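# Examination of the molecular architecture
Residue-level listing of the chains:
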Amino acid sequence: IEKFGYGLLSTCSKVQGTTVNMSAEIEEVMVEPKKVGRKRAASSNVDNAMEVEYRGIAGEKTQNAPAKKKQRSAVDVRKVPVPAHRYTPLKENWLKIFTPIVENLQLQVRFNLKSRNVEIRSSSETPDIANLQKAADFVRAFVYGFEVEDALALLRLDNLFIETFEIKDVKTLRGEHLSRAIGRLAGKGGRTKFTIENVTKTRIVLADSKIHILGSYQNIQVAMKAVCNLILGSPPSKVYGQLRNVASRMGERL
């Protein structure tokens with residue numbers, strides 16, 4: 001067998017390498033389809049992956065999203081939420097609120113019935129962008145409980161502010177103690193509150209346990225000191241004496 005095989009190989013080698021070429025072609029035919037199949041399978045997976053990445057679950061990519069955000073941010077808007085107990089006063093005084101914002105400040109205003117917000121935005125005719133914040137403060141002052149005539153001072157003057165705090169920020173009171181503190185702040189028929197307002201040239205709103213003060217910075221500090229003394233338990237007569245001293249000092253400065 002060995003001689004026969006050797007002789008076969010020797011005879012095959014004489015035919016100009018045809019047998020060797022045939023064996024090589026057989027090997028290539030046997031190997032290449034497997035390689036091509038792997039490449040095709042890999043390429044098909046890559047194509048599928050690329051399609052999944054491009055299309056995604058929701059479909060094609062949205063290239064217009066950044067443009068929408070830029071358009072929204074181009075218009076400045078202020079939103080003032082309105083509580084339920086201020087709907088009726090807002091409806092009755094809407095003309096007084098609407099007129100100065102549109103005619104004097106050249107802004108656009110509306111009341112959104114769904115979100116219950118007063119929305120104020122600038123327009124192309126707005127002379128100063130600071131008017132937007134003035135209008136928002138004006139509407140917020142009315143929502144807090146100030147009269148429209150008092151809140152209009154925020155539009156006319158630049159050095160007016162609104163300070164808001166609660167009784168529990170000064171002293172933790174509950175039940176009847178809280179009721180007595182509110183009574184000391186208001187006084188009989190509102191006399192104590194009116195006295196503090198007239199002396200300090202401010203406006204005060206007592207909304208349950210919240211206190212809103214409208215005025216200049218220095219006058220707000222004086223009014224807050226008197227209110228805090230009443231909350232802490234000082235008698236109104238002592239607070240009146242302190243207010244007289246403050247009023248005399250303020251008159252000397254003027």
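See above for the structure.
A brief report on the enclosed structure follows. Just so you know, these numbers come straight off a predicted model, no measurement behind them.

Procedures and definitions
- Residues numbered from 1 in each chain as written.
- Predicted model: local features only at pLDDT ≥ 70, side-chain atom pairs only at ≥ 80, totals over all residues.
- Heavy atoms only, no water.
- Core = buried A, V, L, I, M, F, W, Y, C linked by side-chain atoms within 4.5 Å.
- Buried < 20%, exposed > 50% of the residue type's maximum accessible area, 1.4 Å probe, protein only.
- Helix = DSSP H or I, 4+ residues; strand = E, 2+ residues; numbered from the N terminus.
- Contact = heavy atoms within 4.5 Å.
- 1 Å grid on protein atoms, 1.4 Å probe; cavity = no way out; pocket = protein on both sides within 12 Å on 5 of 7 lines; lining within 4 Å.
- Points joined across faces, edges and corners; volume = space filled by probe spheres on them.
- Nonpolar A, V, L, I, M, F, W, Y, C, P; charged D, E, K, R; others polar.
- Salt bridge = Lys/Arg side-chain N within 4 Å of Asp/Glu carboxyl O.
- Arc of directions from axis to C-beta.
- Pairing = 2+ DSSP bridges.
- Phe/Tyr/Trp six-rings, centres within 6.5 Å; stacked < 30°, edge-to-face > 60°.
- Lys NZ or Arg CZ within 6 Å of the ring centre and 35° of its normal.

### Some words on the nonpolar core
I97, I101, L107, V118, I120, F138 and V139 are the most contacted members of the largest nonpolar core, which has 27 residues in total. Looking at this core, the elements with two or more residues in it are α5 (94-104), β3 (117-121), α6 (130-144), α7 (148-151) and α8 (153-156). Among all residues touching F138, those that are not within four sequence positions of it are K96, I97, P100, I101, V148, A151, L152, L154 and L155.

### So, empty space enclosed by the protein
In the structure shown here, the tally under the stated rule is one cavity of 30 Å³ or more. The space that makes up the largest cavity amounts to roughly 30 Å³. In terms of lining residues, the largest cavity is bounded by L185, K193, I196, I204, L206 and V227. A breakdown of the residues in the lining of the largest cavity according to their chemical character gives five nonpolar, no polar and one charged.

### So, the pattern of salt bridges
Two side chains with opposite charge may pair up if their charged atoms get near one another. Taken as a whole and judged by the stated rule, the model has eight salt bridges. Between D137 and R140 there is a salt bridge, and its shortest N-O distance comes to 3.1 Å. Taken together, the positions of D137 and R140, both in helix α6 and three residues apart, correspond to about one turn of that helix. Looking at R140, the relative accessible area reads 27%, which means it is partly exposed.

### Details of the environment of L132
Inspection of the secondary structure assignment puts L132 in helix α6. Along the backbone, L132 and V77 are 55 residues apart, and their C-alpha atoms lie at a distance of 7.9 Å.

### Comments concerning α5
Of all the residues in α5, the buried ones are I97, P100 and I101. Along the axis of α5, the buried residues cluster in a sector spanning 95°; they form a single face. Of the residues in α5, the exposed ones pointing more than 90 degrees away from the buried face are L95 and E103. Buried positions along α5 lie against α4 (87-92), β2 (108-112), β3, α6 and α8.

### Observations concerning the pairing of strand β5 (residues 203-207)
Pairing of β5 with strand β6 (residues 210-215), which is carried by five bridges, proceeds in the antiparallel orientation. Bridge pairing links L206 to I211 in β6. What sits between the antiparallel neighbours β5 and β6 is a turn of two residues, in which D208 has the positive phi angle 60°.

### Some remarks on the environment of D76
Locating D76 in the fold gives a position in the loop between α3 (65-74) and β1 (77-81). Looking at D76, the relative accessible area reads 30%, which means it is partly exposed. Considered as a pair, D76 and I120 are 44 residues apart in the sequence and their alpha carbons are 8.4 Å apart. Excluding residues within four positions of it along the chain, D76 makes contact with I120, R121, S122, I129 and L132.

### Digging into the packing of aromatic side chains
Each pair of aromatic rings is reported with the distance of its centres and the angle of its planes. Per the stated rule, a full pass over the model turns up two aromatic pairs. Both rings, one in Y87 and one in F111, keep their centres 6.3 Å apart while their planes meet at 65°; by these two values the pair is edge-to-face. With Y87 in helix α4 and F111 in strand β2, this pair connects stretches of sequence that are 24 residues apart. Residue classification places Y87 among the partly exposed residues on the basis of a relative accessible area of 27%. Since its relative accessible area comes to 24%, F111 is described here as partly exposed. Pairing W94 with F98 gives two aromatic rings, centres 6.2 Å apart and planes at 40°, and the pair type is tilted. With W94 and F98 both in helix α5 and four residues apart, the pair spans about one turn of that helix. Taking the relative accessible area as the measure of exposure, F98 reaches 31% and is therefore partly exposed. Positioned over the ring face of F142 is R86, at 4.8 Å from the centre of the ring.

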